[in-house]
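Spelled out from the first residue to the last, the chains are:
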Amino acid sequence: PVLAINQMVYGQAVLTFVFMMLGIEIKREERREHLDELLPSIIQKNLLITPICQMLTVCLAAVLISLVLVITCMIRIIADHAPSIWVTQSVSAIVLHFFLPCIITGMLGLLISSINKGKSVYLPASIFWIVTSSLSAYFIRPILPALSTAKTIYNMFNLGFLNFQMFRNIMNTSETEF
């Protein structure tokens, strides 16, 4: 249990990267198949159907991944007859650290891909992922002493775990809040 959060950090970082690429590829597939030209000719009343369906696709994928995580987590918790507070904290931690970041990065992938239509979309997406990922602590740490606001900016944009290098246990863990 002590190493579980540290092991989840890399999985969460990869998952947010995958969702950002999913958002980019959904938008690129629309242009590749010329659906951006075809759908307005078929559906003349409402042009918001395509972006809403793309956002719902990202949300559905995030819900499915989160459900898999919740179910696998609940199997162990129920098998150990853990108190109900552990169940609520585990579910809220999965929602906070996996569900919401996946939706945010997926939507930003859609947004970045709709603004930048070329192959150069991957550079700003990768930079955004590095800045918002928990792994940005490796890049931000040398800057933190030089800038007084760097830690505040890091805490504001981080979509993952704040301090994954410190081992935590039941006595010194931080609370999970939305």
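Presented here is a report on the structure given in the accompanying data block. (Residues numbered from 1 in each chain as written. Predicted model: local features only at pLDDT ≥ 70, side-chain atom pairs only at ≥ 80, totals over all residues. Heavy atoms only, no water.)

Leu-15, Phe-19, Val-58, Ala-62 and Cys-102 are the most contacted members of the largest nonpolar core, which totals 14 residues. Beyond its immediate stretch of four places on either side in the chain, Cys-102 contacts Leu-15, Thr-16, Phe-19, Val-58 and Ala-62. Ranked by size, the runner-up nonpolar core spans 11 residues in total, among them Val-9, Met-21, Ile-24 and Ile-112. (Core = buried A, V, L, I, M, F, W, Y, C linked by side-chain atoms within 4.5 Å. Buried < 20%, exposed > 50% of the residue type's maximum accessible area, 1.4 Å probe, protein only. Contact = heavy atoms within 4.5 Å.)

Turning our attention to the pattern of salt bridges. When charged atoms on two side chains of opposite charge get close, those side chains can pair. For the structure on display, the rule yields 1 salt bridge. Arg-76 is the partner of Asp-80 in a salt bridge, and the nearest nitrogen-oxygen pair spans 2.8 Å. We classify Arg-76 as exposed; its relative accessible area is 57%. (Salt bridge = Lys/Arg side-chain N within 4 Å of Asp/Glu carboxyl O.)

To continue, consider the side chain of Thr-105. Inspection of the secondary structure puts Thr-105 in helix H4 (residues 84-115). A distance of 3.2 Å separates a polar side-chain atom of Thr-105 from the backbone oxygen of Thr-16. Within the structure, Thr-105 has its side chain in polar contact with the backbone oxygen of Cys-102 (distance 3.3 Å). (Helix = DSSP H or I, 4+ residues; strand = E, 2+ residues; numbered from the N terminus. Polar contact = N/O pair within 3.5 Å; in protein donor to acceptor, adjacent residues only side chain to side chain.)

Turning our attention to the packing of helix H3 (residues 49-79) against H4. Interhelical geometry of H3 versus H4 gives an angle of 155 degrees and a closest axis separation of 9 Å. Judged by the inter-axis angle, H3 sits roughly antiparallel to H4. The element H3 and its partner H4 pack so that their crossing is right-handed. Residues Gln-54, Met-55, Val-58, Cys-59, Ala-62, Val-63, Ser-66, Leu-69, Val-70, Cys-73, Met-74 and Ile-77 of H3 pack against Trp-86, Val-87, Ser-90, Val-91, Ile-94, Phe-98, Phe-99, Cys-102, Ile-103, Gly-106, Met-107 and Leu-110 of H4. Residues of the contact of H3 with H4, tallied by class, amount to 20 nonpolar, 4 polar and no charged. (Axes fitted to C-alpha atoms, helices over the stretch in contact; angles between N-to-C directions. Parallel < 35°, antiparallel > 145°, perpendicular 65-115°, else oblique. Left-handed = near helix turned anticlockwise from the far one by under 90°. Nonpolar A, V, L, I, M, F, W, Y, C, P; charged D, E, K, R; others polar.)

Turning next to the side chain of Thr-132. Among the structural elements, Thr-132 can be located in helix H5 (residues 122-132). Taking relative accessible area as the criterion, Thr-132 reaches 4% and is therefore assigned buried. Sequence-distant contacts of Thr-132, that is, excluding residues within four places in its chain, are made with Phe-157, Asn-158, Leu-159 and Gly-160.

Attention shifts here to H4. In this model H4 runs 45 Å from its N-terminal to its C-terminal C-alpha over 32 residues, within 8% of the 46 Å that 1.5 Å per residue would give. At Val-95, H4 shows its maximal bend, which comes to roughly 35 degrees. (Expected span 1.5 Å × (residues − 1). Bend = angle between axes of the 7 residues up to and from the residue.)

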